[in-house]
Number of protein chains: 2
Amino acid sequence: MAPGPYGAGRSIDLMARTPLTPWERERGERFGALLREARGERSMVEVAAVAGVSAETLRKIETGRAPTPSFFTIAALAFALDLSLDELAAACVLPEDGEALSA
Amino acid sequence: MAPGPYGAGRSIDLMARTPLTPWERERGERFGALLREARGERSMVEVAAVAGVSAETLRKIETGRAPTPSFFTIAALAFALDLSLDELAAACVLPEDGEALSA
DNA sequence: GCAGACCGTGATACAAATACCGGTATAAGA
DNA sequence: TCTTATACCGGTATTTGTATCACGGTCTGC
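Remember, it's a predicted structure, so these values are computed and weren't measured experimentally.

Definitions and cut-offs
Each chain carries its own residue numbering, running from 1 in the written order of its sequence. As a convention, the first chain written is A and the first ligand written is 1, with the rest following in written order. Local features are withheld for residues below a pLDDT of 70 in this predicted model, meaning they are given only at 70 or higher, and side-chain atom pairs are given and counted only at 80 or more; totals for whole chains, interfaces and linings count all residues. Helix and strand assignments come from DSSP, with helices taken as H or I runs of at least 4 residues and strands as E runs of at least 2, each series counted from the N terminus. Exposure is read from a count of other C-beta atoms within 10 Å of each residue's own; the residue is exposed at 12 or fewer, buried at 20 or more and partly exposed in between. C-beta atoms are placed from the backbone. By definition, residue pairs are in contact when their C-beta atoms, positioned from the backbone, come within 7 Å. The predictor rates its confidence in each residue with pLDDT, a number between 0 and 100. Directions pointing from the helix axis toward each C-beta atom define the arc. How far a helix is expected to stretch is found by multiplying one less than its residue total by 1.5 Å. Where helices are involved, their axes are fitted lines through C-alpha atoms of the stretch in contact, as for all axes, and angles between N-to-C directions lie from 0 to 180°. Whether a crossing is left-handed or right-handed is set by the direction in which the near helix is turned from the far one by less than a right angle, anticlockwise for left-handed and clockwise for right-handed. Under this grouping Gly is polar, as are all residues other than the nonpolar Ala, Val, Leu, Ile, Met, Phe, Trp, Tyr, Cys and Pro and the charged Asp, Glu, Lys and Arg. Here roughly perpendicular refers to angles of 65 to 115 degrees, roughly parallel to angles under 35, roughly antiparallel to angles over 145, and oblique to all remaining angles.

1. Notes on the overall build of chain A
When its secondary structure is counted, chain A shows 5 helices and 0 strands. Within chain A, the fraction of its 103 residues that count as buried is 36%. In chain A, the proportion of contacts linking residues at least 24 apart, taken out of those at least 6 apart, comes to 61%.

As structure tokens, then:
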């Protein structure tokens, strides 16, 4: 079904709410690592408070245990961390994945 | 808890998984309208296929019935629609919202 | 030792996202 | 008219996000 360049990564579509693929979970780990790196020395509690999300949610995202967070949650965190959403998405998808560049 | 400027919009935090606020739902409608406008004449099926999401998901997002979609779903759609995630988020949160800065 | 921040994990709970199905409606085309 | 394509809607199913609580670990300072 052609996942597409930035594709969400779905390949099976027989069931409702397909479970996340290993690739999506790895992407979530890389994504969380980027956020953690951008947080630097600041504490989770502070950044989470500024963004308006719970510290546990930020922790899950950073550790990759919430691999597909909501757009507005990430937008709030990106603003709190002074990050670009476009660069964030690009940095998370582009690195060494040259297989989905067909469409 | 200070939702912050780009705040996710949460104000009550007594229960687990607080229901979406009316403000979040309105934001979802504005967000969906932006995507629909950007889609132009292209069909839902085509754009959804390029992005790698189902047409139903795209329709729900556009109609605002899925007000808080996942980050990577939006990233895929933004790429398919040639949109900037930063501009998308800014256009959705900034316009005339001076009320979410208090609580 | 003790208290207080952080960070981490696990369990729990509820709401929402995603996807499939069927049905409906409309408009364009053969 | 019949068919096709598109979009909307309702229902259903499963997975996931978000948030709370509880507990344990690691520091630092009192």
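That covers the picture; the talk isn't over yet.
2. Section: the confidence of the model for chain A
Residues and elements named next belong to chain A. Scored by pLDDT, chain A has a mean of 81; 76% of the residues are at 70 or more. Across chain A, element-level confidence peaks in helix α4 (residues 71–81) with a mean pLDDT of 96 and bottoms out in helix α5 (residues 85–93) with 91. For the stretch residues 1–14, pLDDT sits under 50, and the model shows 43 contacts to residues farther than four places along the chain or on other chains. Predicted confidence for residues 97–103 stays below pLDDT 50, and this span has 9 contacts to residues more than four positions away or in other chains.

3. As for the environment of Ala76(A)
With respect to the helices and strands, the residue Ala76(A) is situated in helix α4. What makes Ala76(A) buried here is the crowd of 26 C-beta atoms within 10 Å.

4. Some points on helix α3 (residues 55–63) of chain A
Residues and elements named next belong to chain A. Inspection of α3 places Leu-58, Ile-61 and Glu-62 among the buried residues, and these make up the whole buried set. Take α3 and look down its axis: the buried residues cluster within an arc of 95°, on one side only. Buried-residue contacts for α3 involve α1 (22–39), α2 (44–51) and α4. Once α3 finishes, Gly-64 follows within two positions and takes phi at roughly 85°, a positive value.

5. Examining α1(A)
All names here are of chain A. Its 18 residues give α1 an end-to-end C-alpha distance of 26 Å, which sits within 8% of 26 Å, the value for a rise of 1.5 Å per residue. When we look at burial in α1, the residues that qualify are Arg-27, Gly-28, Phe-31, Gly-32 and Leu-35. With its buried residues spanning 135° around the axis, α1 presents them on a single face. Of the exposed residues in α1, those oriented more than 90 degrees away from the buried face are Pro-22, Glu-26 and Glu-37.

6. Quick notes on the environment of Val45(A)
Residue and element names in this part refer to chain A. Inspection of the secondary structure assignment puts Val-45 in helix α2. Given 12 C-beta atoms within a 10 Å radius, Val-45 is considered exposed. Each C-alpha atom of the pair Val-45 and Ala-66 lies 17 Å from the other, and the pair is 21 residues apart in sequence.

7. A few points about the packing of helix α2 (residues 44–51) of chain B against helix α4 (residues 71–81) of chain B
Residue and element names in this part refer to chain B. Here α2 crosses α4 at 115°, and the two axes come no closer than 8 Å. For the pair α2 and α4, the sense of crossing is right-handed. Residues Val-47, Val-50 and Ala-51 of α2 lie in contact with α4, whose contacting residues are Ala-76, Leu-77, Ala-80 and Leu-81. Classifying every residue of the contact of α2 with α4 by side-chain character gives 7 nonpolar, no polar and no charged.

8. With respect to the environment of Ala48(A)
By secondary structure assignment, the location of Ala48(A) is in helix α2. The sequence separation of Ala48(A) and Ala80(A) amounts to 32 residues, and the corresponding C-alpha distance is 8.2 Å.

9. What about the packing of α1(A) against α3(A)?
All names here are of chain A. Between α1 and α3, whose axes approach to 6 Å, the crossing angle comes to 120°. As summarised for this structure, α1 and α3 are arranged oblique, according to the angle between their axes. Facing Gly-32, Leu-35 and Arg-36 of α1, the residues of α3 in contact are Ile-61, Glu-62 and Thr-63. Grouping the constituent residues of the contact of α1 with α3 by class yields 2 nonpolar, 2 polar and 2 charged.

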